Amino acid sequence: MPDLDPYFFQNNRWSFTRHRVWNRCPRQYYFEYIAPYVRSDPVVDPGKIRWLKNFTSKFVVQGQVVHDIIDQQIQAHCEERPMSLDEALSTFSRKVAAYRTVEGITFTECHNGQAIPDSFYTDMEANGQTCLFTFFGKWPEYAKRQCLRHEKFDTFMVGDTGVTVKVDFIGKMPDGTLLLTDWKTGKDDDGNESGLQMAAYVLWAKEYYNLPADEIGTELVFLKTGKTKPYNFFDEQLVELKEMIVPEFAAMNASYEFEDFPAKSSQRECLSCKFAEVCDRTESPG
Ligand code: SF4
């Protein structure tokens, strides 16, 4: 068993993000979550891995910029400062322009040898503006809810397994029930995975707010189209989630040996993978 930095164990919890990386490519999971903390005979230099972790896929950045601006605007509302669509739009444009100038040291795809076409920035600008217009169009409905929390990390336990969640917006409705909202900036074909993410939020909220599942609703808001997709859960479904989380987390931690994390390469994933440079199984375009 490799010697791991104690920091690894302090922060080793199941999360929806880890679940996705684990199922996408176990080797990518190893590089992301274990390799930076290996203290004895590392397969890859942990310093190099930490440096590669600074890069982010252009697709993640696209969504993250919108999320950050929305969160700043919600924070302004919580502090009783005025929200401003104009300010949000101009901040967004400034950020897109700034990313253009640092793409080589920011985007994973650039680092992996792919040129970023102008059309990416044009689409990023147009999509981001649409998302912000939609958010501000919907906000009056959200402003009626008491904002309990937004974009804050929380942890809880499922048996012996630590779990981390981060809900975009938690509103308390006039009847005392909660509605947990996740803003989506991509296409509105989220598949089945979002149900898992929302169920994890409800598991946490049940405990944190001491409420039954039927008093906690969740919704995805697709900011590109304005479509809203609600998810409600029965306790039986939440039990199923717990029965998935515990063994999955055990599998993630059954070994910390590099060989036990097989590569699942695909051209699409490898091009956006931060660790392609140090992975001998990467699929390059062509
Ligand atoms: S480069 Fe491809 S195979 Fe290697 S870790 Fe990344 S996604 Fe997995």
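Not measured: the values here are computed from a predicted model.

Further remarks concern the overall build of the protein. Looking only at helices and strands, the protein features eleven helices and seven strands. Scaling as 2.2 N^0.38, a compact globule of 286 residues should have a C-alpha radius of gyration of about 19 Å, and the protein matches this with 20 Å. If one aligns the C-alpha atoms of the protein with their principal axes, the spans along those axes are about 55 × 50 × 30 Å. Burial status across the protein gives 27% buried among its 286 residues. Of all intrachain contacts in the protein linking residues separated by at least 6 positions in sequence, the fraction that spans at least 24 positions is 67%.

Around the ligand, 14 residues are found, and the nearest of them are Cys25, Ser265, Cys270, Cys273 and Cys279. Of all the secondary-structure elements, those providing two or more residues to the shell around the ligand are helix H3 (26–34) and helix H11 (267–271). Of all the elements, H3 adds the most residues to the shell around the ligand, at three residues. Partitioned by chemical class, the residues of the shell around the ligand number eight nonpolar, three polar and three charged.

With respect to topology, five strands assemble into an open sheet ordered S1-S4-S5-S6-S7, the strand pairing being mixed. Where the open sheet ends on each side, the last strands, each with one partner, are strand S1 (146–149) and strand S7 (228–231). Put simply, the sheet's adjacent strands are angled 30° from each other on average, direction ignored. Across four bridges, strand S4 (residues 169–172) lies against strand S5 (residues 178–184) in antiparallel orientation. From the neighbouring strand, phenylalanine 169 faces S5, where its bridge partner is threonine 181. Lying over the sheet, helix H5 (residues 58–78) contacts S1, S4 and S5, oriented at roughly 120° with respect to S1.

This part is about the domain arrangement of the protein. Taken as a whole, the protein is organised into domain 1 (14–54 + 255–278), domain 2 (58–143) and domain 3 (146–247). Just the C-alpha atoms count here: the centres of domain 2 and domain 3 sit 24 Å apart. Taken together, the contact pairs 16 residues of domain 2 with twelve residues of domain 3. If you list the elements that add at least two residues to the side of domain 2 that touches domain 3, you get H5 and helix H8 (118–143). Counting residues per element, the side of domain 2 that touches domain 3 draws most heavily on H5, at nine residues.

This brings us to the nonpolar core. In this structure, Tyr201 and Val202 are the most contacted members of the largest nonpolar core, which totals 55 residues. The dominant element in this core, judged by the number of residues it contributes, is helix H9 (residues 193–209), at eight residues. If we skip the residues at most four places from it in the chain, valine 202 touches Ala213, Ile216, Thr218, Phe233 and Leu238.

As a further point, take the environment of aspartate 280. Examined against the element boundaries, aspartate 280 turns out to sit in the segment after H11. The sequence separation of aspartate 280 and phenylalanine 261 amounts to 19 residues, and the corresponding C-alpha distance is 13 Å.

So, on to the packing of H5 against H8. In the contact formed by H5 and H8, the axes pass within 10 Å of each other and the chain directions differ by 30°. Looking at the two axes, H5 sits roughly parallel to H8. Read as a crossing pair, H5 and H8 show a hand that is right-handed. Taken together, the residues of H8 that come into contact with H5 (itself represented by Lys58, Gln62, Val65, Val66, Ile69, Ile70 and His77) are Phe120, Met124, Gly128, Cys131, Leu132, Phe135 and Ala143.

Moving on: unusual backbone geometry. The backbone phi angle of glutamate 151 is positive, close to 50°, even though this residue is not glycine. Phi is positive for asparagine 210, which is not a glycine, with a value near 55°. Summarising the element assignment, asparagine 210 is placed in the loop between H9 and strand S6 (216–222). We classify asparagine 210 as exposed; it has 7 C-beta atoms within 10 Å.

Bringing the environment of leucine 223 into the picture now. Take leucine 223: it is sitting in the loop between S6 and S7. Through-space distance from the C-alpha of leucine 223 to that of threonine 130 is 7.3 Å; in sequence the pair is 93 residues apart. If sequence neighbours within four positions are ignored, leucine 223 has contacts with Val66, Cys131, Thr134, Phe135, Trp183, Lys184 and Thr185.

Our focus in this paragraph is H8. Here H8 spans 37 Å end to end across 26 residues, near enough to the 38 Å set by a 1.5 Å rise per residue. Along H8, the positions that sit buried rather than exposed are Met124, Gly128, Cys131, Leu132 and Phe135. Where H8 is buried, its residues contact H5 and helix H6 (85–101).

Reading guide: rules and limits
Residues numbered from 1 in each chain as written. Predicted model: local features only at pLDDT ≥ 70, side-chain atom pairs only at ≥ 80, totals over all residues. Helix = DSSP H or I, 4+ residues; strand = E, 2+ residues; numbered from the N terminus. Rg over C-alpha atoms; globule rule 2.2 N^0.38 Å. Buried ≥ 20, exposed ≤ 12 C-beta atoms within 10 Å, placed from the backbone. Contact = placed C-beta atoms within 7 Å. Near = placed C-beta within 6 Å. Nonpolar A, V, L, I, M, F, W, Y, C, P; charged D, E, K, R; others polar. Pairing = 2+ DSSP bridges. Axes fitted to C-alpha atoms, helices over the stretch in contact; angles between N-to-C directions. Domains from an automatic or database assignment. Core = buried A, V, L, I, M, F, W, Y, C linked by C-beta atoms within 7 Å. Parallel < 35°, antiparallel > 145°, perpendicular 65-115°, else oblique. Left-handed = near helix turned anticlockwise from the far one by under 90°. Expected span 1.5 Å × (residues − 1).

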